[in-house]
Amino acid sequence: MLTDQQQQRVWEGLFYGQVRAAYFGELANRFSMRQQQVSAATLFLSSGAVVGYALREVSPYLPHAATIISLLTAVLSAYNFTAQLTKRSVEAADLHLKWGQLSNDWQELWDQMYAEDAPDRLVALERKATEYGKPSLSLPWEPRLMEKWENHIRELHHQPAMS
């Protein structure tokens, strides 16, 4: 059986587990969409560079177009390589799944807070939450996005939004 203080910790774990699951889900989606946009732009510009080189003999107005398009393609390729969008998307998606499962575990503990093993389960879940916090340090922190999800989850639980 959990004390009042332990019950509060379970509620906070449940709440912040849901917030983090949603936050990392959206972060994964953003990285994935940005990766697709960069790839599409790179493909489009590289095709344009080929056409530009073919047309440079035909049109006196396009002598440097192929060079400029090639430079833009190189810049996008360099950004794609250094930003590691795919890696970040996979990391965020992994954290989304982990926090989602942890949130389910918190919910299960909330539903069984009077069980004899509840205090031990609480300690185990808090350890897991600490473990999941470490990999998230490699991802960017977006306070507005976190606030968005905190407010959304508060609404789901009929709590007033924080300002």
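One can find the structure itself at the top, above this paragraph.
Keep in mind that this is a model prediction, so the values were computed, not measured.

Caption draft 1: Main features of the nonpolar core. In this structure, Tyr 23, Phe 24, Leu 27, Trp 99, Trp 106, Leu 109 and Leu 139 are the most contacted members of the largest nonpolar core, which totals 32 residues. Elements represented by at least two residues in this core include exactly α1 (4–55), α3 (85–111), α4 (118–133) and α5 (143–156). With 13 residues, the top contributor of residues to this core is α1. Setting aside its immediate chain neighbours within four residues, Tyr 23 contacts Pro 140, Trp 141, Glu 142, Leu 145, Met 146 and Trp 149.

Caption draft 2: Quick look at the packing of aromatic side chains. Taken as a whole, this structure holds five aromatic pairs when the rule is applied. Seen from their ring centres, Phe 15 and Tyr 16 are 4.8 Å apart, and the 85° between their planes marks the pair as edge-to-face. Between Tyr 23 and Phe 24, the ring centres sit 5.1 Å apart and the planes meet at 80°, which makes this aromatic pair edge-to-face. Accessibility assignment for this pair places Tyr 23 and Phe 24 in one class, buried.

Caption draft 3: Examining the packing of α1 against helix α2 (residues 65–83) more closely. Where α1 meets α2, the axes come as close as 8 Å, and the angle between the chain directions of the two elements is 155°. Relative to α2, the element α1 lies roughly antiparallel. For α1 against α2, the interelement crossing comes out left-handed. On α2, the residues that touch Arg 34, Gln 35, Val 38, Ala 41, Thr 42, Leu 45, Ser 46, Gly 48, Ala 49, Gly 52 and Tyr 53 of α1 are Ala 66, Thr 67, Ile 69, Ser 70, Leu 72, Thr 73, Leu 76, Ser 77, Tyr 79 and Asn 80. Its residues assigned to classes, the contact of α1 with α2 comprises 10 nonpolar, 10 polar and one charged.

Caption draft 4: Representation of the pattern of salt bridges in the model. Here the structure, examined in full by the defined rule, presents nine salt bridges. For Lys 148, the salt bridge is made with Glu 26, and the minimal N-O distance between the two is 2.7 Å. Of this pair, Lys 148 sits in helix α5 while Glu 26 sits in helix α1, and the two are 122 residues apart along the sequence. Ionic pairing is found between Glu 91 and Lys 87, a salt bridge with its closest N-O pair at 3.6 Å. Of this pair, Glu 91 and Lys 87 both sit in helix α3, four residues apart, which is roughly one turn of the helix. Assessed through its relative accessible area of 23%, Glu 91 is described here as partly exposed. Several salt bridges converge on common partners, so that one network encompasses Glu 26, Arg 30, Glu 142 and Lys 148.

Cut-offs used in this document
Residues numbered from 1 in each chain as written. Predicted model: local features only at pLDDT ≥ 70, side-chain atom pairs only at ≥ 80, totals over all residues. Heavy atoms only, no water. Core = buried A, V, L, I, M, F, W, Y, C linked by side-chain atoms within 4.5 Å. Buried < 20%, exposed > 50% of the residue type's maximum accessible area, 1.4 Å probe, protein only. Helix = DSSP H or I, 4+ residues; strand = E, 2+ residues; numbered from the N terminus. Contact = heavy atoms within 4.5 Å. Phe/Tyr/Trp six-rings, centres within 6.5 Å; stacked < 30°, edge-to-face > 60°. Axes fitted to C-alpha atoms, helices over the stretch in contact; angles between N-to-C directions. Parallel < 35°, antiparallel > 145°, perpendicular 65-115°, else oblique. Left-handed = near helix turned anticlockwise from the far one by under 90°. Nonpolar A, V, L, I, M, F, W, Y, C, P; charged D, E, K, R; others polar. Salt bridge = Lys/Arg side-chain N within 4 Å of Asp/Glu carboxyl O.

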